[in-house]
Amino acid sequence: MGSHPYADVFVSEIWQGAVSAFWLVVTLDSDLLEITLRSLQVTLTAVLIASLIGMPLGAFLAVRRFRRRRATVAILNALMGLPPVVVGLVVYLLLSRAGPFGVFNLLFTPTAMVVAQVVIVTPLIASISHQAIRELWAQYHDLLISLNATLIQRTATLLFDARRALLTAALAGFGRAIGEVGAVMIVGGNIDHATRVLTTAIALETSKGNFALALGLGYVLIALAVAVSLAAHLLSRTERSGTW
Amino acid sequence: MVSLLPLKIENATVRAGGRTLLGPLNLTLDGGGTSALIGPNGAGKTTLLRLIHGLVRPRDGSLAWHVPVAHARARQSFVFQHPILLRRSVLANIGFPLRLAGVRRPDATGRAKKIAADVGLSDHLAAPAMALSAGEKQKLALARALITEPELLILDEPTANLDGRSKREIETILKKAIAGGMRVLIATHDMGQAERLADEVVFLFHGKVHERGEAAGFFASPQTPAAAAFLRGDILE
């Protein structure tokens, strides 16, 4: 009994995609290199900024008691599900000529893509950080109060000691940002040699029916995400036995 | 420098979850010596220690230190029954209070190494604190408490669930601190430990100071039926 013809086509596309990816990487295709580096640059910048905002925010929400704190945490958690396309639209309106930040001429630049990704990723990083730091705060509370640690010292201690969990938060943010297409397409415009990144290139190649190349770029994107995650874990030695 | 003690607790009450955990309680803690806080489970020993250290607030009544209350806690150290250890090395844990107090890292490290040697943790300085045994963890907590040279050392069941050897090592460290003039307040279930360490005993029952007296006298002839029953090992309710 022969296999279904569509299955053959599917397997063929997957295989051709792998071959395309292989040749793109082996030949150090200049276009691939350019959009890969831009993807990394935009995403890493966005994750760095989002971490600088989200991690202290998560720690603050864990340590500080104030009115409507629970509501704030609930809103933060809800913002994790922000639709990227809507974020892209709002950032587009803010950065467009008629918008309040139009004077900076940022629309259709990598900076605009960074801004959109920061908006998308910050709630995710803040929320995961908050969860991790809240648990640590429950353990450390009595000790830090006993030692008269100030709010800043408490926050710094928790951020430092929760660094492994915070790395996970940052990697979750990286994963979301590197694979994001809707917002960066709107605010970046997918302009060749200017704002094209891996995800928008995949969308473009797919729309052109160039599935093998699109799949090839997809493989590169997956490899990139996995490589960054592994590198982060290796650098921070999270899996080394006997250490925290 | 003005002494931290005496501490005067007057009609202090601690309540939580709609029930009274402690008090109304009156107690004066003078300078010098070691006081053992004993009593059955639920008598309020831990709550009293936490009240004194400022980890819980009285619902009624007052605590008056000989110094402004804002400065009182910085001159005490607290050792918890279950050591709270930072996710750091042994050395970093011991030096942590000094770093919080603004002591420069080399100085804090030097003092931490010295006190680690005093408590027998020199071989574990670089090890993660969580990798230590239960006895070593409590010694680490004690070293961290002693590094600031507190005027009042508060210990909440510091040797509960430890083996005999660890208990003896911790008591040796405590005796050294006591000999150095440190005021110690220790809650313990271990009557032998109370006899070995304490100058006086405060017997708590139903959240109140039921009996208080010089240690040898208390253990030889307790004055109240409840204290006598407790020492006999009777179940108190």
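Up top is the structure these notes are about.
## Regarding the sheet that holds strand S1 (residues 7–16) of chain B
All names here are of chain B. A sheet is described by the order of its strands in space; here 3 strands give the open sequence S2-S1-S4, paired in antiparallel fashion. On the outer flanks of this sheet lie strand S2 (19–29) and strand S4 (60–64), each paired with one strand and no other. For this sheet the average axis-to-axis angle between neighbouring strands, irrespective of direction, equals 25°. As judged from the 4 bridges shared by S1 and S4, these two strands associate in the antiparallel manner. Residue pairing across strands places Lys8 opposite Ala64, the latter belonging to S4.

## Structural notes on the interface of chain A and chain B
Contacts between the two partners involve 19 residues from chain A and, on the opposite side, 18 residues from chain B. Interface of chain A and chain B: buried area, both sides summed, is about 1,800 Å²; carbon and sulfur atoms make up 59% of it. On the surface where chain A and chain B come into contact, there are 2 salt bridges. Salt-bridge contacts for Asp142 of chain A lead to Arg50 of chain B; the nearest nitrogen and oxygen are separated by 2.7 Å. Scanning the region where chain A abuts chain B turns up 8 residue pairs in polar contact (both at pLDDT 80 or more). The set of elements that each furnish at least two residues to the side of chain A that touches chain B consists of helix H5 (110–146) and helix H6 (151–161) of chain A. The element contributing the most residues to the side of chain A that touches chain B is H5 of chain A, with 8 residues. A breakdown of the residues in the side of chain A that touches chain B according to their chemical character gives 9 nonpolar, 7 polar and 3 charged.

## Re unusual backbone geometry
Here the amide bond leading from Leu5 of chain B into Pro6 of chain B is cis, since omega sits at 15°, within 30 degrees of zero. In this fold, Pro6 of chain B is placed in the segment before S1. In this structure, Pro24 of chain B follows Gly23 of chain B across a cis peptide bond, with omega equal to 0°. Tracing the chain through its elements places Pro24 of chain B in strand S2. Unusually for a residue other than glycine, Arg68 of chain A sits at a positive phi of about 65°. Secondary-structure assignment places Arg68 of chain A in the loop between helix H2 (30–63) and helix H3 (69–79). Look at Arg68 of chain A and you get exposed, because its relative accessible area is 61%.

## Let's talk about the sheet that holds strand S6 (residues 152–156) of chain B
All names here are of chain B. A sheet is described by the order of its strands in space; here 6 strands give the open sequence S5-S6-S7-S3-S8-S9, paired in mixed fashion. Only two strands of the sheet have a single partner each, and these edge strands are strand S5 (76–79) and strand S9 (208–214). Going from strand to strand, the sheet's axes swing by 15° on average, the running direction of each strand aside. Here 4 bridges tie strand S3 (residues 34–38) to strand S8 (residues 200–205), and the two strands are oriented parallel to one another. By the bridge assignment for S8, Ala36 is matched with Val201.

Rules used throughout
- Residues numbered from 1 in each chain as written.
- Chains lettered and ligands numbered in written order.
- Predicted model: local features only at pLDDT ≥ 70, side-chain atom pairs only at ≥ 80, totals over all residues.
- Heavy atoms only, no water.
- Pairing = 2+ DSSP bridges.
- Helix = DSSP H or I, 4+ residues; strand = E, 2+ residues; numbered from the N terminus.
- Axes fitted to C-alpha atoms, helices over the stretch in contact; angles between N-to-C directions.
- Contact = heavy atoms within 4.5 Å.
- Buried area = accessible area lost by both parts, 1.4 Å probe.
- Salt bridge = Lys/Arg side-chain N within 4 Å of Asp/Glu carboxyl O.
- Polar contact = N/O pair within 3.5 Å; in protein donor to acceptor, adjacent residues only side chain to side chain.
- Nonpolar A, V, L, I, M, F, W, Y, C, P; charged D, E, K, R; others polar.
- Buried < 20%, exposed > 50% of the residue type's maximum accessible area, 1.4 Å probe, protein only.

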